[in-house]
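Here is how the chains run, residue by residue.
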Amino acid sequence: MSRFAIRFILGTGLMVALMAVAGCAGVRQLDTGTQAGAASAELFVPYQFQVQAIDGTVLRENFYTFDGRDQTLRLAPGEHELVLRYFDLIQNNEDRTDDYARVLSEPITVSFTARANSQYAVTGDRPATPSAGEAFAANPTLTIENRASGDTVSGDVAVAEPE
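These notes cover the structure that comes with them.

Conventions and cut-offs
- Residues numbered from 1 in each chain as written.
- Predicted model: local features only at pLDDT ≥ 70, side-chain atom pairs only at ≥ 80, totals over all residues.
- Heavy atoms only, no water.
- Helix = DSSP H or I, 4+ residues; strand = E, 2+ residues; numbered from the N terminus.
- Buried < 20%, exposed > 50% of the residue type's maximum accessible area, 1.4 Å probe, protein only.
- Contact = heavy atoms within 4.5 Å.
- Phe/Tyr/Trp six-rings, centres within 6.5 Å; stacked < 30°, edge-to-face > 60°.
- Lys NZ or Arg CZ within 6 Å of the ring centre and 35° of its normal.
- Arc of directions from axis to C-beta.
- Salt bridge = Lys/Arg side-chain N within 4 Å of Asp/Glu carboxyl O.
- Pairing = 2+ DSSP bridges.

1. Here's the deal with the overall build of the protein chain
When helices and strands are counted, the protein chain shows 2 helices and 11 strands. Listing each helix as α and each strand as β along the protein chain from the N terminus yields α-β-β-β-β-β-β-β-β-β-α-β-β. Counting all 163 residues of the protein chain, 34% fall into the buried class. Considering only contacts in the protein chain between residues 6 or more positions apart, those separated by 24 or more positions represent 69%.

What follows is the structure, encoded as structure tokens:
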């Protein structure tokens, strides 16, 4: 085999491997103790809403660093209490010293009911400016929706008081 053919095969293989890894890096699977294959539901959480806890089990303790990955949780059917933090880096055109403003809310609690073999998603606004992000963090408008029907399955949303 020629050197060119070997380089082409190795280069193509490396490129395919890198593309596969890059495609998998965008979603973080969070362990909730529900086994795959069991009667379960799936909850998709976009990256700007970071999961802090589910049903009293803490999944993330600190928010010192920004994690720009979406999250997916596998849940048992039934009632759940989800604690989120709105955490986003918003392009900052107002302040020339920093390209992005870091916006972090206090813990946001939302309850919802999950049914077996269903997929749900947290949905909410996506503020475009740092000031809109701060306003959203103080009073978020978000829901949990059934992905198939679009029906809202979440209850009231509560934001913790600042410490």
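2. So, the packing of aromatic side chains
Pairs of aromatic rings are described using the distance from one ring centre to the other and the angle between the two planes. If you walk through the whole model with that rule in mind, you get 5 aromatic pairs. Taken together, a centroid distance of 6.3 Å and an interplanar angle of 70° make the contact between Phe 63 and Phe 87 edge-to-face. With Phe 63 in the loop between strand E4 (57-58) and strand E5 (70-75) and Phe 87 in strand E6 (residues 78-91), this residue pair connects regions lying 24 residues apart in the sequence. Each member of the pair, Phe 63 as well as Phe 87, is classed as buried. Here the basic side chain of Arg 85 rests over the ring of Phe 63, its NZ or CZ set 5.0 Å away from the ring centre.

3. Considering helix H2 (residues 130-138)
Within H2, the full set of buried residues consists of Pro 130, Gly 133, Phe 136 and Ala 137. On an axial view of H2, the arc spanned by its buried residues comes to 120°, and they lie on one face. Residues of H2 that are buried in the fold lie against strand E3 (49-54), E6, strand E7 (100-104) and strand E11 (154-159).

4. A closer look at the pattern of salt bridges
A complete count under the given rule lists 2 salt bridges for this structure. Ionic pairing is found between Asp 67 and Arg 69, a salt bridge with its closest N-O pair at 3.0 Å. Owing to a relative accessible area of 32%, Arg 69 belongs among the partly exposed residues under this scheme. For Asp 88, the salt bridge identified is with Arg 126, shortest N-O distance 2.9 Å. Of this pair, Asp 88 sits in strand E6 while Arg 126 is found in the loop between strand E9 (119-124) and H2, placing the two residues 38 residues apart along the sequence.

5. As for the pairing of E9
Note that strand E2 (residues 41-45) and E9 share 3 bridges and pair parallel. Bridging from a neighbouring strand, Glu 42 pairs with Gln 119 of E9. Relative to strand E10 (residues 142-146), E9 runs antiparallel, the two sharing 5 bridges. Residue pairing across strands places Tyr 120 opposite Asn 146, the latter belonging to E10.

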